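Next come the chains, spelled out residue by residue.
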Amino acid sequence: MRPIRNIAILAHVDAGKTTLSERILFTAGEVRLPGNVEDGLATMDYLPEERKRGITIESGIAHFEWRGIWFNFIDTPGHVDFGAEVDMALSAVDGVVLVISAIDGVETQTLSAWKKLREKGIRTLIFINKLDSSSASLDDTLIAIEEHLGVRPVLLSCPEFSSDSNERGILAEWDVVSGMRLVLQNGKEEPQKIAASDFAQKALRKMFAEAAEAASEYDDEILSLALDGKSVPPKMLVRGLECLCANDKYVLCYAGSAKQNFGVRSLMAGLSFFLQSSPAFGKKRLGEVVRLRHFTDLGEIALFRCMANVRAGKIPEGLEFFRLKAAQLFPVQELFAGDIYALRSPKRLSLGMRLSLSGEPMDLENRAGQENYHSLLQTRLECLRSEDFTLVESSLELLARMDPSIRIVPRPDVGCWLLYTVGEVQLEVILERLKREFGCEVRAGVPEVLWQERLLRTLDPVENSFQAGPFKVSLELSAAPLPVSEKDIRLSGNSLENLPREILAGIRSALLESAQVGVLGKGSLVGVEFNIRRFEFEKNTPIHMIKKACSDAVVKLIRPASVVLYEPFMALSLECPAEYAGMLSGDILAREGKIVQVGGDGVLHSFVAELPLRKLFGYATAVRSGCKGRAQYTIRFLEYRKLGECFSRP
């Protein structure tokens, strides 16, 4: 069986990630012509919402064979609103290509992606992109990689530039390991040997020696040849570099231009040589659900990482497997361990669910919990027609299962839902998909910031009783704030020790639901310990009466004056031409922001600022119009801060 490698591609937004994906598919012969993101023709960006915005929203997957190895290639989003897509892709891959723009260097999302990769121990290759630009710098990017990522870059390919000083162009690609000069001929890359008189051969030999020196730390044979002053054969260097790639001290780098297709072939050789194949799996599992998708004509589809070899005719009854290429499905009759397929099942699937060899669920684990994401925008959704209520409810539920960063809270008391999203872009995409994919007509309110409510002090106990017919519930409830570092809702009280399990579950559920709704309507109540000092009830009391009595007790206990608000603050990283720096810094201050770091080289200016999220609505439009589209920025969650204490840091 041919080896299988599952590869993801990560980058900061606009680093050229999807363009590189297109060129890899083109070089592998998977597509006849590479699509351009600017024209909305990228193969991997198949959603209308992706083509409209020119960004990746859902992780696109494609397959290709290269040098006897089967690759599943996943193109992930770079926009911070869709971080859940990146996390789920990383759960199914064996290696990653991290794309860094040679114009912008190491950016905030680059650092975030690198941190995730280090935590998960995933082998990574770096592709330094956009070297065809006159403002790009390979040397500065290599220095930034060493300074910001904390690893030493080992360069294994670099472009050969034209000598025309008026216009920067790339003539060829130099591959360090093979010692070949690769040029484009008739739309394909044909290797040509380097001429002995070529000046660039000296630089190539120098890079080969540097790569061999780094590899010698992990290969004694290479070290012995280096000490004796002998040359290292390319095959031996590949062996040493594979060991180096598995280490945290170095990172293998390729450089070029994805748009002009330079550096891509050398990178693909690196994918073949240095990234590990899929691991061996246990014999009791068919595989694991790593992503959920929805197709208008086929319904719900799961991306499924197979963990067993299944011969033709042995696929569990009721399950259908497909090859997924962007939005196209191709049926398969045989499964291979380590491969990624699209799965259609008559049973409801969830993220992280594992299936046995018979196709039955083994667990309901959701490894991408909502607590990992900061869904800080809340939007009220209402049906336009009462007959659409069930359709809207089921559609929202499916979208929430597809993306763990989305949260849906039904509010049947007022006939609406509260939709919680990471950012404005994600909210816009959800509303568009509700209409296009599911045919749901909804009215969306103005998005509001999700605050946190906390108790100011310990609250004295209150008594509450609720009676309906022969059933009566009576309790005494108090509450105390937990430290600011904690946001749990806890339940204590000696009177709980002898309560039946179902009654205790009802009490917990009522208190959690009350905390989720909050007191002031600005967000959830967090960091509270409820203490039930007394709890009395009649035998066979319905659970809904138990919950009603507890909810009413919370309302009596916690008054608006007992609550203080905490608001989310964001870290804004922005880079712009120097002529716009004054305008943008003034705009940050006008938005109640604080600039904590300033940088620049006289041509480009950069800021790092802290701002309240409530002041960032419409920021994308303001920056785009004010800087004529020449500024780039990213926003990430920083922390919750008490209202009135916006800048507590020194």
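As shown above, the structure is provided for reference.
The following refers to the structure shown. Computed from a predicted model, the values in this text were never measured in an experiment.

1. A few points about the overall build of the protein chain
Item 1. Helix and strand content of the protein chain: 15 helices and 32 strands.
Item 2. Every one of the 650 residues in the protein chain was classed for burial, and the buried ones make up 53%.
Item 3. In the protein chain, the share of contacts with a sequence separation of at least 24, taken over all contacts with a separation of at least 6, comes to 71%.
Item 4. Accessible surface for the protein chain amounts to roughly 29700 Å². Of this, 50% is attributable to carbon and sulfur atoms.

2. Describing the pattern of salt bridges
Item 1. Summed over all chains, the structure comprises 29 salt bridges.
Item 2. A salt bridge links Asp 248 to Arg 118; the shortest N-O distance between them is 3.0 Å. Of this pair, Asp 248 sits in the loop between α8 (234-245) and β11 (250-255) while Arg 118 is found in helix α4 (residues 108-120), placing the two residues 130 residues apart along the sequence.
Item 3. Among the ionic pairs, Glu 300 bridges to Arg 401, the shortest N-O distance being 2.8 Å. With Glu 300 in strand β13 (residues 299-306) and Arg 401 in helix α10 (residues 389-402), this residue pair connects regions lying 101 residues apart in the sequence.
Item 4. Here Arg 401 falls in the buried class, since its relative accessible area comes to 16%.
Item 5. Counted as one network, the salt bridges with shared partners bring together Glu 300, Arg 348, Glu 397 and Arg 401.

3. Regarding the packing of aromatic side chains
Item 1. If you walk through the whole model with that rule in mind, you get nine aromatic pairs.
Item 2. Through a chain of ring-to-ring contacts, the aromatic side chains of Phe 64, Phe 71 and Phe 73 assemble into a single cluster.
Item 3. Over the ring of Trp 114 we find Arg 118; its NZ or CZ atom is 4.2 Å from the centre of that ring.

4. Looking at the layout of surface pockets
Item 1. Estimated volume of the second largest pocket: approximately 720 Å³.
Item 2. Taken together, 24 residues make up the lining of the second largest pocket; nearest its centre are Arg 407, Gln 452, Lys 487, Ser 524 and Val 526.
Item 3. In terms of residues, the lining of the second largest pocket owes the most to one element, helix α12 (residues 501-517), which gives three residues.
Item 4. Of the residues assigned to the lining of the second largest pocket, the class counts are 13 nonpolar, seven polar and four charged.
Item 5. Counting residues domain by domain, the lining of the second largest pocket receives three or more from each of domain 3 (377-450) and domain 4 (454-558).

5. Describing the sheet that holds strand β5 (residues 123-129)
Within a beta sheet, neighbouring strands are joined by backbone hydrogen bonds and run either parallel or antiparallel to one another.
Item 1. With mixed pairing, the seven strands of this open sheet are ordered in space as β2-β3-β1-β4-β5-β11-β6. Unpaired on one side and paired on the other, β2 (60-66) and β6 (152-155) mark the two borders of the sheet. Taken pair by pair, the neighbouring strands of this sheet meet at an average axis angle of 30°, ignoring direction.

6. A word on empty space enclosed by the protein
Item 1. Under the criterion given, the structure shown has two cavities of 30 Å³ or more.
Item 2. Its volume calculated, the largest cavity comes out at about 160 Å³.
Item 3. Forming the boundary of the largest cavity are 15 residues, of which Glu 58, Glu 85, Asp 403, Ile 406 and Arg 433 lie nearest the centre.
Item 4. Mapped onto the lining of the largest cavity, the elements with two or more residues apiece are β12 (285-295), α10 and α11 (424-436).
Item 5. Counting residues per element, the lining of the largest cavity draws most heavily on α11, which supplies four residues.
Item 6. Of the residues belonging to the lining of the largest cavity, the class tally is eight nonpolar, one polar and six charged.
Item 7. Counted as a void, the second largest cavity has a volume near 90 Å³.
Item 8. Ser 59, Ile 61, Ile 74, Glu 85, Met 88, Ala 89, Ala 92, Val 290, Arg 291, Leu 303 and Ile 340 are the residues that line the second largest cavity.
Item 9. Of all the elements in the fold, those that place two or more residues in the lining of the second largest cavity are α3 (83-90) and β12.
Item 10. Here the element with the most residues in the lining of the second largest cavity is α3; it accounts for three residues.
Item 11. Classifying every residue of the lining of the second largest cavity gives eight nonpolar, one polar and two charged.
Item 12. Mapped onto the domain boundaries, the lining of the second largest cavity takes at least three residues apiece from domain 1 (4-274) and domain 2 (285-362).

7. Notes on the environment of Gly 150
Item 1. Mapped onto the elements, Gly 150 comes out in the loop between α5 (138-149) and β6.
Item 2. Along the backbone, Gly 150 and Asp 248 are 98 residues apart, and their C-alpha atoms lie at a distance of 9.0 Å.

8. Let's talk about the environment of Ala 15
Item 1. Summarising the element assignment, Ala 15 is placed in the loop between β1 (4-11) and α1 (17-27).
Item 2. Of the residues examined, Ala 15 reaches a relative accessible area of 2% and is grouped as buried.
Item 3. For the pair formed by Ala 15 and Val 106, sequence separation is 91 residues and the distance between their alpha carbons is 9.9 Å.
Item 4. The contacts of Ala 15, once residues within four sequence positions are left out, are Val 99, Ser 101, Asn 129 and Lys 130.

9. A word on the sheet that holds strand β16 (residues 340-344)
Item 1. Ordered by their spatial adjacency, six strands build an open sheet running β15-β14-β16-β13-β12-β17, and the pairing between neighbours is antiparallel. The open sheet has two edge strands with one neighbour each: β15 (328-331) and β17 (354-356). Sheet twist, expressed as the mean angle between neighbouring strand axes with direction ignored, is 45°.
Item 2. Alignment of strand β14 (residues 320-325) against β16, held across three bridges, turns out to be antiparallel. Counterpart to Phe 321 in the pairing with β16 is Leu 343.
Item 3. Along the sheet face, α10 touches β12 and β13 and points at about 130° away from the line of β12.

10. Things to note about the side chain of Thr 27
Item 1. Tracing the chain through its elements places Thr 27 in helix α1.
Item 2. Of the polar contacts made by the side chain of Thr 27, one reaches the backbone oxygen of Arg 23; its length is 2.8 Å.
Item 3. Discounting chain neighbours no more than four positions away, the residues touching Thr 27 are Trp 66, Asn 261, Val 264, Arg 265 and Met 268.

What counts, and where the lines are drawn
- Residues numbered from 1 in each chain as written.
- Predicted model: local features only at pLDDT ≥ 70, side-chain atom pairs only at ≥ 80, totals over all residues.
- Heavy atoms only, no water.
- Helix = DSSP H or I, 4+ residues; strand = E, 2+ residues; numbered from the N terminus.
- Buried < 20%, exposed > 50% of the residue type's maximum accessible area, 1.4 Å probe, protein only.
- Contact = heavy atoms within 4.5 Å.
- Areas by Shrake-Rupley, 256 points an atom, 1.4 Å probe, with all protein chains shown as cover.
- Salt bridge = Lys/Arg side-chain N within 4 Å of Asp/Glu carboxyl O.
- Phe/Tyr/Trp six-rings, centres within 6.5 Å; stacked < 30°, edge-to-face > 60°.
- Lys NZ or Arg CZ within 6 Å of the ring centre and 35° of its normal.
- 1 Å grid on protein atoms, 1.4 Å probe; cavity = no way out; pocket = protein on both sides within 12 Å on 5 of 7 lines; lining within 4 Å.
- Points joined across faces, edges and corners; volume = space filled by probe spheres on them.
- Nonpolar A, V, L, I, M, F, W, Y, C, P; charged D, E, K, R; others polar.
- Domains from an automatic or database assignment.
- Pairing = 2+ DSSP bridges.
- Axes fitted to C-alpha atoms, helices over the stretch in contact; angles between N-to-C directions.
- Polar contact = N/O pair within 3.5 Å; in protein donor to acceptor, adjacent residues only side chain to side chain.

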